[in-house]
Amino acid sequence: MFKLFQPSKIFQITSKAPKYILFLFVIVLSAGLTEALILSPEDYKQSDAVRIMYVHVPAAWISLGIFSSITFLSISGFVFKNKNFFLISKSLAPSGFVFNIIALVTGSIWGKPTWGTWWAWDARITSMLILVLFYAMYLISWKIYENEEKVFKISTIITILGIINVPIIKYSVDWWNTLHQPASINILSKSSIHSSMLFPLLIMTAAFALFSLLIFLMKYNTELIKIKNKGLDRL
Amino acid sequence: MINELLFMNGYEAYVLSAFGFTLLNFAGLYLVTKIQFVKEQNKFVAKFGSLNTEKAKSAKSQRINKEILANVTNN
């Protein structure tokens, strides 16, 4: 089954997809920004400061999702001895890293008007900061190790250690007394967020997901061409 | 309406800087990734161009190499 996903077979699709994804991203982002900045209502308590949620929450969700995917793919790469899984992981990491930084910075900006401080060593914020360090270590490991086997091993160890932090981030608001409010959106039970705010949040999440897909495809294509460049050297 | 949008009940500095930071990061990441892609693509074309006929023929027999070259021509 994995043969279907061989780089040589899927490059035809991955090389053409970015321009369509970029087009779709611009449309969805425009709709999301209109909803988030103009059409969505202000909060009865936080007033217009609540609009920061539309960039902060999707960025946090996607950075967590990408890190989980990277871990899953790295472990699968070892189990199935498939280099392509490592290549996909490596290509996903830059957007996950940037989304994590966006979540931290926009969270800090949101903290000032709502909590009265730019930063607090609160469980959720601290665990998100730890995640960004794991992202940085993962990316650095690809830069410093040239030996393929070594980088596969070290980057996977980093993701396995880092994934322990993901449930801590998710449940930190329930386990400890934090400045953060508990989750407003639940998949299994009823969400406490009103649809007039949920709708723009979902559009912005879709836009962010499209952007990470776009960056992933561009990065993946770059990595494939890099491999082919090495192949030409060997001819 | 425009005043409401611009002043956001006094929170405009926070809201617009959060959105601005996000969009700036998007633009930066997109540009860096694009530059890296174009650089690798150009390197490939230069290396391919320096191959002799026999090696070029052998390299072109791989579908992915043909695709890379086709993409350069299309761009």
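Residues numbered from 1 in each chain as written. Chains lettered and ligands numbered in written order. Predicted model: local features only at pLDDT ≥ 70, side-chain atom pairs only at ≥ 80, totals over all residues.

Moving on, we get to the overall build of chain A. Looking only at helices and strands, chain A has eight helices and zero strands in total. Of the regular secondary structure in chain A, the N- to C-terminal order runs α-α-α-α-α-α-α-α. In terms of overall dimensions, chain A is globule-like: its C-alpha atoms have a radius of gyration of 20 Å, near the 18 Å expected for 235 residues. Seen through its C-alpha atoms, chain A measures out along the principal axes to roughly 65 × 35 × 30 Å. Contacts in chain A between residues far apart in sequence, at least 24 positions, make up 77% of those at least 6 positions apart. (Helix = DSSP H or I, 4+ residues; strand = E, 2+ residues; numbered from the N terminus. Rg over C-alpha atoms; globule rule 2.2 N^0.38 Å. Contact = placed C-beta atoms within 7 Å.)

Let us look at the interface of chain B and chain A. Put simply, an interface is often sized by how much accessible area is lost when its parts join up. Facing 35 residues of chain B, the contacting portion of chain A comprises 39 residues. Counting residues per element, the side of chain B that touches chain A draws most heavily on helix H2 (residues 12-49) of chain B, at 21 residues.

All right, on to the packing of helix H2 (residues 17-39) of chain A against helix H8 (residues 195-234) of chain A then. All names here are of chain A. Where H2 contacts H8, the axes come no closer than 8 Å and their chain directions differ by 155°. If you check the angle between H2 and H8, you find them roughly antiparallel. For H2 against H8, the interelement crossing comes out left-handed. Taken together, the residues of H8 that come into contact with H2 (itself represented by Ala17, Pro18, Ile21, Leu22, Leu24, Phe25, Val28, Leu29, Ala31, Gly32, Glu35 and Ala36) are Phe199, Pro200, Ile203, Met204, Ala206, Ala207, Leu210, Phe211, Leu213, Leu214, Leu217 and Met218. Split into classes, the residues belonging to the contact of H2 with H8 amount to 22 nonpolar, one polar and one charged. (Axes fitted to C-alpha atoms, helices over the stretch in contact; angles between N-to-C directions. Parallel < 35°, antiparallel > 145°, perpendicular 65-115°, else oblique. Left-handed = near helix turned anticlockwise from the far one by under 90°. Nonpolar A, V, L, I, M, F, W, Y, C, P; charged D, E, K, R; others polar.)

All right, on to the environment of A:Asn82 then. All names here are of chain A. With respect to the helices and strands, Asn82 occurs in the loop between helix H3 (53-79) and helix H4 (83-115). Judged by the 16 C-beta atoms lying within 10 Å of it, Asn82 falls in the partly exposed class. When the C-alpha atoms of Asn82 and Ile140 are compared, they prove to be 22 Å apart, with 58 residues separating the residues in sequence. (Buried ≥ 20, exposed ≤ 12 C-beta atoms within 10 Å, placed from the backbone.)

This part is about the environment of A:Phe216. For A:Phe216, the position within the fold is in helix H8. In sequence terms A:Phe216 and A:Ile125 are 91 residues apart; their C-alpha atoms lie 26 Å from each other.

In this section: the packing of H3(A) against helix H6 (residues 148-163) of chain A. All names here are of chain A. For the pair H3 and H6, the least separation of the axes is 9 Å and the interaxial angle reads 135°. With respect to each other, H3 and H6 are oriented oblique. Where H3 crosses over H6, the handedness of that crossing is left-handed. Between H3, through Phe67, Ser68, Ile70, Thr71, Ser74, Ile75, Gly77 and Phe78, and H6, the contact on the second element is made entirely by Phe152, Ser155, Thr156, Thr159, Ile160, Gly162 and Ile163. Among the residues making up the contact of H3 with H6, the classes are represented as seven nonpolar, eight polar and no charged.

Per-residue confidence for chain B averages 87 on the pLDDT scale, and 95% of its residues sit at or above 70. Of all secondary-structure elements in chain B, the lowest mean pLDDT belongs to helix H1 (residues 2-7) of chain B, at 74, while H2(B) reaches the highest, 95. (pLDDT = per-residue confidence, 0-100.)

A word on unusual backbone geometry. The residue A:Ser47 is not glycine, and still its phi comes out positive at about 55°. For B:Met8, which is not a glycine, the phi torsion comes out positive at approximately 40°. Summarising the element assignment, B:Met8 is placed in the loop between H1 and H2.

Residues and elements named next belong to chain A. The end-to-end C-alpha separation of H4 is 46 Å, in line with the 48 Å expected for 33 residues at 1.5 Å each. Bending of H4 peaks at approximately 30° at the position of Ala93, with proline Pro94 no more than four residues after it. Phi for Gly116, located one or two positions after H4, is positive at around 85°. (Expected span 1.5 Å × (residues − 1). Bend = angle between axes of the 7 residues up to and from the residue.)

All names here are of chain A. Tracing the sequence through the fold places Ile21 in helix H2. A tally of 17 C-beta atoms within 10 Å means that Ile21 is categorised as partly exposed. The residues touching Ile21, leaving out its near neighbours within four places in the chain, are Leu210, Leu213, Leu214 and Leu217.

So, on to H2(A). Residue and element names in this part refer to chain A. With 23 residues, H2 ought to run about 33 Å at 1.5 Å a step, and its terminal C-alpha atoms sit 31 Å apart, in line with that. Taken together, the buried positions of H2 are occupied by Pro18, Phe25, Leu29, Gly32 and Ala36. On its buried face, H2 is in contact with H3 and H8.

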